[in-house]
Amino acid sequence: MMNDSLWYKDVVFYEVNVRAFYDSNGDGYGDLRGLMSKLDYLKELGVDCLWLLPIYPSPLKDDGYDIADYYNIHPDYGTLDDFKALLDAAHQRDMRVITDLVLNHTSDQHPWFQAARKDKNSVYREYYVWSDSDQMFSEARIIFLDSVESNWTWDEEAGQYYWHRFYASQPDLNFDNPAVQDEILKVIAFWLDLGVDGFRADAVPYLIEREGTNCENLPETHAYLKKIREYLNENYPDRILLAEANQWPEEVLPYFGDGTDEFHMGFHFPVMPRLFMSIRKGDRSALQWILDHTPPIPETNQWCIFLRNHDELTLEMVTPEEREWLWKEYAPEPRMRLNQGIRRRLAPLLDNDRRKIELLNSMLFTLPGSPIIYYGDEIGMGDNIWLEDRNGVRTPMQWNQSMNAGFSRNETTYAPLIDDDVYGYHRVNVETQMQTPGSLWQTIKGMISVRKGEPAFSRGDFEWLDCNTRAVAGYVRNLGGERLIILNNLSDQVQTISCGMHGQNLIDLLHRDTPSFQKGQIEFQLQPYEYRWLKVQALWELLY
Ligand code: NOJ
């Protein structure tokens, strides 16, 4: 294994839904053994770290983000032994695995909640947040706007209201209770002892509530998160914590603490919708604005960036006008909208236009932060907006053209396969793309491999390049003597730009076979949606 303690800064993540990936036992559900059998595929793509969506026993009212037992595996996915085997197999391949840690809430089926609602005097009563009225914490917003009316739900058996930031089937844990704090530390130790390399910590802004606040990002919440980090620093120093806080960068900043005492990583949510804005407008302004408003983070931290994930494309981090515009452009049919977002996958969002899909991936792999690929996006999978909730972007992985896309030998699968003319598995599948030179899969694999050869992509500084046009997102990534120039033509027009290179040479990183050596003031013609990754050749290289 790589033993660099900052390993997370260099990795390419792959977000995988175990149920959707590969069914090894023929029951119609993907499982851990199935995922294990596909590790070589992921290795070949260039993935270094898997992020597994929740795999715990759960009634699946929120697809596993409603945990009924923190210490086991959902039977659909396998057993703890299967999980250990997966970890071993990944580690043997120099790949890491992080899992979802859902700490803000449990399922209402969790034995703690069952005991709490039955008996006012049970120790578990205080594991949750109760009230005689539904008026407390009224400044806290509702997150699942389409389906949840209040953050309080009356529980007949308990004779009180309980607090929940998500579905009513997900009661919030009471982090003011030291016993709850200890329980979660035990859960963390359990999975770290099994060998996981870290956690994607779900919904961290909401752990603690206080009257008169919006109950997000409170100092008390940070204090507990720091305890978790202290525990890791003392006992598991090479494991990581990734914060899921769908907030503005200045609000995420405190989650990094001083660089050593809270999270290692945090998602950069607001970059994502602005990538979609920029490419639709052919103008980098929105992207530039958010990156210019992103404060520097400590050396030991890193952002995680992504194009899509298992949720709706969230539009919480844009203005109401921008949201309306994004909905109009990207979700013309009402069914495409969900909560404050859009339930579509990457390829359909980009009109299945190969140039646009590549361009957004070009930015994913070159902007500051560690990139996360959402399973299936590497082959341009489609979605099914008619499935409930966010299930339309969680359909079975498309491996080949055989029955059920090679995902399962069972007649029925947990969700229908995508089988339409454009995105159906007869056209869009792994096997075909792996065999076809120039396929999207091959292109993404190429991008990842180039990224890995140039540490400036993962650790370098970032600087905008003045390209004389806002249609081009041009920037420089610098690390020591290494200097990379990235040009992304966001528009559907040819753009001509020039770079003053002061007599230095440029190498085109994506076409190493035909390097373009040029000198002095360089003019580039970028075709619509074209991107170039260039390396300024160091003087010493010229001597050889
Ligand atoms: C964020 C997760 O990404 C989402 O899928 C889930 O519904 C909520 N947190 C609640 O756990």
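Now for a quick tour of the structure.

When its volume is computed, the largest pocket comes out at roughly 550 Å³. Lining the largest pocket are 25 residues, with Ile 297, Trp 303, Pro 368, Gly 460 and Phe 462 sitting closest to its centre. Looking at the lining of the largest pocket, the elements that each hand over two or more residues are α10 (285-292), β10 (302-306), α16 (456-459) and β15 (461-464). The residue inventory of the lining of the largest pocket, partitioned by class, reads twelve nonpolar, seven polar and six charged. Shared between two domains, the lining of the largest pocket takes at least three residues from each, and those domains are domain 1 (7-103 + 177-452) and domain 3 (461-543). Along the wall of the second largest pocket there are 30 residues; nearest its centre are Ile 143, Phe 144, Phe 166, Glu 244 and Asp 311. Of the domains in this structure, domain 1 (7-103 + 177-452) and domain 2 (111-163) are the two that each give at least three residues to the lining of the second largest pocket.

Our next topic: the pattern of salt bridges. Tallied over the full model, the rule gives 39 salt bridges. One salt bridge in this structure joins Arg 280 and Asp 351, with 3.6 Å as the shortest N-O distance. With Arg 280 in helix α9 (residues 271-281) and Asp 351 in the loop between α12 (346-349) and α13 (354-364), this pair connects stretches of sequence that are 71 residues apart. The exposure class assigned to Arg 280 is partly exposed, which follows from its relative accessible area of 27%.

Turning our eyes to something else, we now look at the sheet that holds strand β19 (residues 506-508). Taken together, five strands build an open sheet; the order of strands is β15-β16-β17-β21-β19 and the sheet is antiparallel. Only two strands of the sheet have a single partner each, and these edge strands are β15 and β19. Here the average twist between neighbouring strands, direction ignored, is 25 degrees. Note: strand β16 (residues 472-479) against strand β17 (residues 482-489), eight bridges, orientation antiparallel. When the sheet's bridge partners are listed, Asn 478 is paired in β17 with Arg 483.

If you walk around this closed barrel you meet the eight strands as β1-β2-β3-β7-β8-β9-β10-β14, and the pairing is parallel. Here the strands of the sheet are splayed against their neighbours by 25 degrees on average, with no regard to which way each runs.

A word on the packing of α9 against helix α11 (residues 320-330). When two helices pack together, their arrangement is captured by the angle between the axes and the distance separating the axes. The contact between α9 and α11 brings their axes to 11 Å, and the two run at 65 degrees. Classified by chirality, the crossing of α11 by α9 is left-handed. Contacts between α9 and α11 involve Pro 273, Arg 274, Phe 276, Met 277, Ile 279, Arg 280 and Lys 281 from the first element and Glu 322, Trp 325, Leu 326, Glu 329 and Tyr 330 from the second. When the residues that make up the contact of α9 with α11 are grouped by side-chain class, the tally is seven nonpolar, no polar and five charged.

Now for the pairing of strand β7 (residues 198-202). Among the five residues in β7, five count as buried, and that is most of the element. In β7, alternate side chains face the same way, and those of Gly 198, Arg 200 and Asp 202 on one face and Phe 199 and Ala 201 on the other are all buried. Where strand β3 (residues 96-102) lies against β7, four bridges are found, and the strand directions are parallel. Looking across to β7, one finds that Asp 100 is bridged to Arg 200. Direction of pairing for β7 relative to strand β8 (residues 240-243): parallel, over a ladder of four bridges. By the bridge assignment for β8, Phe 199 is matched with Leu 241. Each parallel crossover has a hand, and the one from β7 via helix α7 (residues 219-235) to β8 is right-handed.

What counts and what doesn't
Residues numbered from 1 in each chain as written. Predicted model: local features only at pLDDT ≥ 70, side-chain atom pairs only at ≥ 80, totals over all residues. Heavy atoms only, no water. 1 Å grid on protein atoms, 1.4 Å probe; cavity = no way out; pocket = protein on both sides within 12 Å on 5 of 7 lines; lining within 4 Å. Points joined across faces, edges and corners; volume = space filled by probe spheres on them. Helix = DSSP H or I, 4+ residues; strand = E, 2+ residues; numbered from the N terminus. Nonpolar A, V, L, I, M, F, W, Y, C, P; charged D, E, K, R; others polar. Domains from an automatic or database assignment. Salt bridge = Lys/Arg side-chain N within 4 Å of Asp/Glu carboxyl O. Buried < 20%, exposed > 50% of the residue type's maximum accessible area, 1.4 Å probe, protein only. Pairing = 2+ DSSP bridges. Axes fitted to C-alpha atoms, helices over the stretch in contact; angles between N-to-C directions. Left-handed = near helix turned anticlockwise from the far one by under 90°. Contact = heavy atoms within 4.5 Å. Right-handed = clockwise from strand over helix to strand, strands pointing away.

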